[in-house]
Structures are given as C-alpha cells and as structure tokens.
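# Residue-level structure breakdown
Next come the chains, spelled out residue by residue.
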Amino acid sequence: MTTTEPSRYFAADQLGAAGVFAHNGDEGPRALNITAASSNPKMFTLPWERPLATWPADLLANLPRGISRHVVRFVHVGEEIYAMKEITQAVAEREYDLLRRLQKLDLPTVTPIAVVTGRHDRDGDALEAILVTRHLKFSLPYRALFARNLRPDTADRLIDALAVLMVRLHLAGFYWGDVSLSNVLFLRDAEAFSAFLVDAETGDLHAELTDGQREYDIDLARTNIIGELMDLSSGELLPSNVDEVEVGDRLVERYHSLWKTLTGTEKFSPDEMWKIEKRVNTLNQLGFDVDELEVKTSEDGNRVLVRPRVVDAGYCSRKLLRLTGLDVQENQARRLLNDLDTYRASTWRDDDSLEIVATDWMREVFEPTVRMIPPEYRSQIEPAQFFHEILDHRWFLAEKAGHDIPMREAVQSYIKNVLPQYKLDTKAVAELNEEADSGVMDEQSTFGDDDYHPDDDPDAAVWAG
Ligand SMILES: Nc1ncnc2c1ncn2[C@@H]1O[C@H](COP(=O)(O)OP(=O)(O)O)[C@@H](O)[C@H]1O
Ligand SMILES: [Mg+2]
C-alpha cells in the first residue's frame, strides 16, 4: 500500500474494505476511513483534509457535470477518473450501499467506488464525507448535449431513454424518488441514447413496487422534466419548436406502453401458440430477453394466458459480448451484429460458425476502423459509436456518389467533416460547470481552510453568498 506519509497510517483491511486511520499525537485516532469495494492505492494520496471545492486544479478532470446540490468534482486517481460528491456521512453510506445493490442487479447506474468518512481539516475541524463513484466514460449530462448543435428530436430521444431506465429500475423494485434529467447521464447509443442513473440519494429498493409508487415516480419525473426543459428554453438552448409539456407527457406515455409490453398478460386460443414466439420476438426487438414466461390456461380451458415473468435488458449487447468481447450499448450492438451478418454473407461464409466469423470480422473490419479514431477524440467518442456513425456516413456518401465507397475513404471523410462537431472545448465545459455549480448549497463552515482565499479560487461562486 502506497501512501504519502506511511507512518501516519495503518490499514484495516477486511473483506475488501480498506480502512485508514490518521493518528493525531496522543489524542487517539482521528479516523479517516475509506470503505472501498476494491482498493486503488492512489486514493490514499488525495488531499482529503481539504474541502472538495478547494482541491488543486491539477487533480481535476475538466469534464462536463450536471446541476447538483452538493459539490461534485471529477478527480484523476491513477489511471482512473472518479466522481467525488461531498455529502453527510449517513447519506454517503446509504447511497453507496444502494448503488452497490443496483449494480448487483445489473442495472445501468454509475459504479460506486468508496465512501470516505472521518475527514478533518488541518485545524481538526470536521469535514463532510465523500461518496466516490467511477466517472461514467463518454457520458454526458443533458445540458452538455443541448450545448451543441443537435438534431431537433434530441429531447424526444432522451425521454425515450429515460423511460427505458425507469421501467428497468421499477421492474427491479427500485423507487427513485427524485427522477429528473439532472439525475441521469446519457450515453450515445447508435441513433438513440442510453440513460444511466447517477443520483440514488432519495431512492429505495423494495421487493416490488406498488402502482402508486411507480405513478409517483413518473409524475415527479414529468414535472421535473418540464421544468428543466423550460429552463433550457429560457437560456435559448432548446429548439424553439419543442413543446416542454408535450415532451413531459411523452415520458408518461412511453413509460406506460413499455411497462405494459413487458409485464402485460396476453390471451391466445390453444391453436395460436405461435403467438408466444411472436411476443418473445417483439420483446427481443425492444432489447429485452425473456428469461421466464408464465403460461397458464384459463378456467374454461379455452384460452392460454401468457405473461413474461423475468425480463432482462440487453438482448443484443449480450449476444455481441459473447461473440466478440465488446461491451457496448444495446442499439450499437444491434448495428454491429447487423454488420457482422452482412460481412458473413458478403464473404460467403453462411456455413461457418458465427463465433469464427465474428473473430475475423473483429480483426478485419471493426478493429482497423476504430484504430483510425484520432487520439484527441479517443476520450470523446466510444469506439462502437464511431463505428456506427462511420457506417451511416459511408452509406450517405455512397448514395451521393451513386456507388460504394471504400471504408478507409468513408472514415477519412467522417473524421474531417463530422467528428469535429463532437468536440466540447475547454471554454464550453467551464461554462457548463459554472452553471452546474450554481445550485450548490453548502455551509460556509465547511470551508475553514486558513490558506484559502476566495479571490484566488475560480470556483468561489459556488459558495459565495
Ligand atoms: N460517476 C459519475 N460519472 C459522470 N458524472 C457524474 C458521476 N457522478 C456525478 N456526476 C455528475 O455530477 C452531477 C451531480 O451529481 P449528483 O449525484 O446528481 O449530485 P447531487 O446529489 O448534488 O444532485 C451529475 O448530474 C453528473 O453530471
Ligand atoms: Mg442530483
């Protein structure tokens, strides 16, 4: 274990929980405690004795953040980037625990890394705890998405992703309690988006949710979304033809129709059993796998009642993972699988096993393409998304030219003409993060650092006044 001052620390490491205690002369341990799912030794070298808002800029990663109530910062920790949120110990521990349970259920949430408690500044005054999660790579808060030129239906596509996320969380018994665009992160997923839960502070896991609990979550989501969109609109970030209330209503409608498809009972006559297969196919197309179906005959024996019991999201992404080891979003996976099929047909290999063809496709098609992503974009676009967009672009070029376009040429044209739109420059990120901090509520007392001078601090607006 590496620490800056080894003599001041000893590790209490049990069952994967690392504990570090800072001793302070004879006063007994003033315990700095890091409870972590796995240990990253670099965690011990961070300036825990300073309020998060005053951490030195060279530790921070300048990536866009969403609006938050607490101080949140992205921090380089060795090779990784962690999101740190300064909150009370009870809340940090609770959220950490909830996120861990959600991860075990395979739900799309940020990954919890650690809870840091027992922090004190150099004068011995107590500081709040910090919840550490892994920065979700390639994710964007919704305001960062709207800060760029976007397709006019972006709001709709975000809502569709949020509806899927809510249904998945609700199916698992998770009551969110504070659904809003600010508490979600979005990943590009081919033409669509995937949504990840980021703020679980108000949530709760139950064996099953009542209809009332679900309705409450949906209703609050609708209200929050309308408010958030109106806010974007007043900042002239929302396309003028977008009706905020209509978008809010879309969430409710999307949620209910998906919920019904995933959980509803269908009735068939006994000679229509093929309809079961159709039902399963429909669910597959929505990206859900059916693990268990309940099939019952009605009282009179004339009807068969069919209801999915266990549905799992990620039908295509699991298939692609199995074939290629690529772990990507559902729609990206569907697109990649389609390309794999095309490759198989065009190389006359319908009789070869898909596993073998997939290995060749990776080596001959996918890898050479994504290797062409220029280094300065590698942190901005996921390889699978890049590949998807290249396929689109190549199709677009071929249509214009009236003939096929070689892959390499399509890639070069895409890098030159399309990729630059992806870039969020440093200034745009700084503006977004300033906005993100404008809602932070913090107590002055937390910032008792002697060396601290608000005038020197670019983030001083966070807690001034
Ligand atoms: N693990 C993470 N990966 C990426 N962004 C994150 C992560 N954790 C927090 N954020 C960013 O910080 C913002 C605020 O986090 P959140 O947990 O909602 O704080 P608060 O409880 O103060 O509202 C989020 O909207 C998101 O943009
Ligand atoms: Mg939040």
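Residues numbered from 1 in each chain as written. Chains lettered and ligands numbered in written order. Predicted model: local features only at pLDDT ≥ 70, side-chain atom pairs only at ≥ 80, totals over all residues.

## Describing the overall build of the chain
Each helix and strand counted, the chain has 12 helices and 16 strands in total. Taking the contacts inside the chain whose residues are at least 6 apart along the sequence as the reference set, 61% of them involve residues at least 24 apart. (Helix = DSSP H or I, 4+ residues; strand = E, 2+ residues; numbered from the N terminus. Contact = placed C-beta atoms within 7 Å.)

## Description of the site of ligand 1
The full set close to ligand 1 counts 21 residues, and Gly-66, Ser-68, His-70, Ala-83 and Asp-199 are the nearest of them. Put simply, the parts of the chain that give the shell around ligand 1 at least two residues each are strand 7 (80–87) and strand 9 (129–134). A class-by-class count of the residues in the shell around ligand 1 yields 7 nonpolar, 8 polar and 6 charged. When residues are assigned to domains, the shell around ligand 1 turns out to be shared by domain 1 (6–137) and domain 2 (142–263), each giving three or more. (Near = placed C-beta within 6 Å. Nonpolar A, V, L, I, M, F, W, Y, C, P; charged D, E, K, R; others polar. Domains from an automatic or database assignment.)

## Here's the deal with the sheet that holds strand 9
One key point about sheets: their strands pair by backbone hydrogen bonds, in either a parallel or an antiparallel sense. Pairing in this open sheet of 5 strands is antiparallel, and the strands run 5-8-9-7-6 from one edge to the other. Among the strands making up the open sheet, the edge pair consists of strand 5 (33–36) and strand 6 (72–77). Each neighbouring strand pair of the sheet contributes to a mean axis angle of 25 degrees, computed without reference to strand direction. Here strand 8 (residues 112–117) pairs with strand 9 via 4 bridges, running antiparallel. Paired with Ala-114 across the strands is Val-132, a residue of strand 9. (Pairing = 2+ DSSP bridges. Axes fitted to C-alpha atoms, helices over the stretch in contact; angles between N-to-C directions.)

## Quick word on the confidence of the model for the chain
Predicted confidence across the chain gives a mean pLDDT of 86, with 88% of residues reaching 70 or more. Confidence drops under a pLDDT of 50 for residues 1–29, and excluding neighbours within four residues, the segment shows 41 contacts in the predicted structure. Low confidence marks residues 444–465, where pLDDT is under 50. Its contacts with residues over four positions away, or in another chain, come to 29 contacts. (pLDDT = per-residue confidence, 0-100.)

## Things to note about the sheet that holds strand 16 (residues 304–313)
Spatially, the 3 strands line up as an open sheet ordered 14-16-15, and their pairing is antiparallel. Unpaired on one side and paired on the other, strand 14 (266–268) and strand 15 (288–297) mark the two borders of the sheet. For this sheet the average axis-to-axis angle between neighbouring strands, irrespective of direction, equals 30 degrees. Taken together, the 9 bridges between strand 15 and strand 16 define a ladder with antiparallel strand orientation.

## Some details on unusual backbone geometry
Not every positive phi belongs to a glycine, and Asp-106 is a case in point at roughly 65 degrees. With respect to the element layout, Asp-106 can be found in the loop between helix 1 (89–104) and strand 8. For Ala-190, which is not glycine, the phi torsion reads 55 degrees and is therefore positive.

## A closer look at helix 12 (residues 426–437)
Compared with the 16 Å implied by 1.5 Å per residue over 12 residues, the 16 Å span of helix 12 between its first and last C-alpha is a close match. All of the buried residues along helix 12 are Leu-432, Asn-433, Ala-436 and Asp-437. The arc enclosing the buried residues of helix 12, seen along the axis, measures out at 135 degrees, which places them on a common side. Lining the buried residues of helix 12 we find helix 2 (142–146). (Expected span 1.5 Å × (residues − 1). Buried ≥ 20, exposed ≤ 12 C-beta atoms within 10 Å, placed from the backbone. Arc of directions from axis to C-beta.)

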